[in-house]
Amino acid sequence: MTQPASNGPGARTVRVPDDREGQRLDNFLLGQLKGAPRSLVYKLVRSGQVRVNGGRAKAERKLEAGDEVRIPPVRLDAPGEKAAPPKGLLAALEAAIVFEDARLLALNKPSGLASHGGSGISHGAIESLRALRPGQTLELVHRLDRDTSGLLVVAKKRSALTELQALMREEGGIAKRYLSLLVGRMPDGTMSVDAPLHIGLRQGGERHVQVNAAGKPSLSHFRVLERRGGHSYCEVRIETGRTHQIRVHAAHIGHPVAGDDKYGDPDTNRRLREQAGLKRLFLHASTLEFALDAGRAPYLLNAPLAPELVDVLDRLR
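What counts as what
- Residues numbered from 1 in each chain as written.
- Predicted model: local features only at pLDDT ≥ 70, side-chain atom pairs only at ≥ 80, totals over all residues.
- Heavy atoms only, no water.
- Helix = DSSP H or I, 4+ residues; strand = E, 2+ residues; numbered from the N terminus.
- Contact = heavy atoms within 4.5 Å.
- Areas by Shrake-Rupley, 256 points an atom, 1.4 Å probe, with all protein chains shown as cover.
- Axes fitted to C-alpha atoms, helices over the stretch in contact; angles between N-to-C directions.
- Parallel < 35°, antiparallel > 145°, perpendicular 65-115°, else oblique.
- Nonpolar A, V, L, I, M, F, W, Y, C, P; charged D, E, K, R; others polar.
- Buried < 20%, exposed > 50% of the residue type's maximum accessible area, 1.4 Å probe, protein only.
- Pairing = 2+ DSSP bridges.

A few points about the overall build of the chain
- For the chain, the helix and strand inventory stands at eight helices and 17 strands.
- Counting only C-alpha atoms and orienting by the principal axes, one finds that the chain spans roughly 65 × 45 × 40 Å.
- Of all intrachain contacts in the chain linking residues separated by at least 6 positions in sequence, the fraction that spans at least 24 positions is 64%.
- Carbon and sulfur atoms make up 48% of the accessible area of the chain, which totals about 16,200 Å².

So, in structure tokens, the structure goes:
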């Protein structure tokens, strides 16, 4: 458990650097107090132990460059300390970097690896990347479902994070394409699914998304690339980025994503596992296209289809 120290070193004052201009106080503190849970950060702020320029401040306060933030002493008890990510995972992540420049890094995330830790997951992609690159500033731009493989973008500069997140919110700001095997024979050409999605909770707190008129607008375009074993290998383009969007839209039109144990068909999944060796969700984030610097710096990022999915397609010929 993490808690304020009663006898640890004294409080320290940190000057807000230029590249943290506009960052919320709570997020700034999380970066300064590595490993501290968000609940503790809020407790420190509410109790007045954190000061900005000598005065109390709220967690949502936007910081300015040059602000002086008083950070109280915090002790991380030994039982709560997280072990370093396994060396095998770090080596795999190093090999999975498909693009990097001064502003961002793109990872071909393997299936089964969460975008970030939490909820019993010790090592997500971002925590492992930080362990791989100690001393570097690395921030997740977006997330991928744990079971989905493919492009995960990490910002190396605050300015890139801010611009990319703004593009994510902007319609058409970032073109996202996925590759997926859908169960059954989809119609030829492109099928557009315009169906609002609502996130609900099942008993036990598990998130379950469904098409619901009260949900958020969601638009996906499915285009058949080829037929494999009576199923449809598709390119999917999404114009919104809702939780589980492709999986729920695919199930909604009667062609669930192969290997989807949440929204798919158990019998078909079992047959595909036995016949083609499909042991995971067949969904891969393959392409991201966007431009930074107000359109002056175009990016086209690609992540090759995971080898285990290539093998499944080969077996389905």
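Structure's up, so let's keep going.
Here's the deal with the packing of helix α3 (residues 87-96) against helix α4 (residues 125-132)
- Between α3 and α4, the least distance of the axes is 10 Å, while the angle of their chain directions is 90°. The orientation of α3 relative to α4 falls into the category roughly perpendicular. Residue-level inspection shows L89, L90, L93 and E94 of α3 in contact with α4, the latter providing A125, S128, L129, A131 and L132.
- Residue composition of the contact of α3 with α4, by class: seven nonpolar, one polar and one charged.

Some thoughts on helix α6 (residues 245-252)
- Judged by how many residues are buried, α6 sits mostly within the fold: six of eight residues are covered.
- Listing the buried residues of α6 in full gives Q245, I246, R247, V248, H249 and A250.
- G254 lies just past α6 and shows a positive phi near 85°.

Regarding the pairing of strand β7 (residues 104-109)
- In terms of burial, β7 is a largely internal element, six of the six residues being buried.
- The pairing of strand β6 (residues 97-100) with β7 spans three bridges and is antiparallel. Looking at the pairing, F99 lines up with A106 of β7.
- Pairing analysis gives six bridges linking β7 to strand β9 (residues 149-155), with the strands arranged antiparallel. Directly across from K109, in β9, lies its bridge partner G150.

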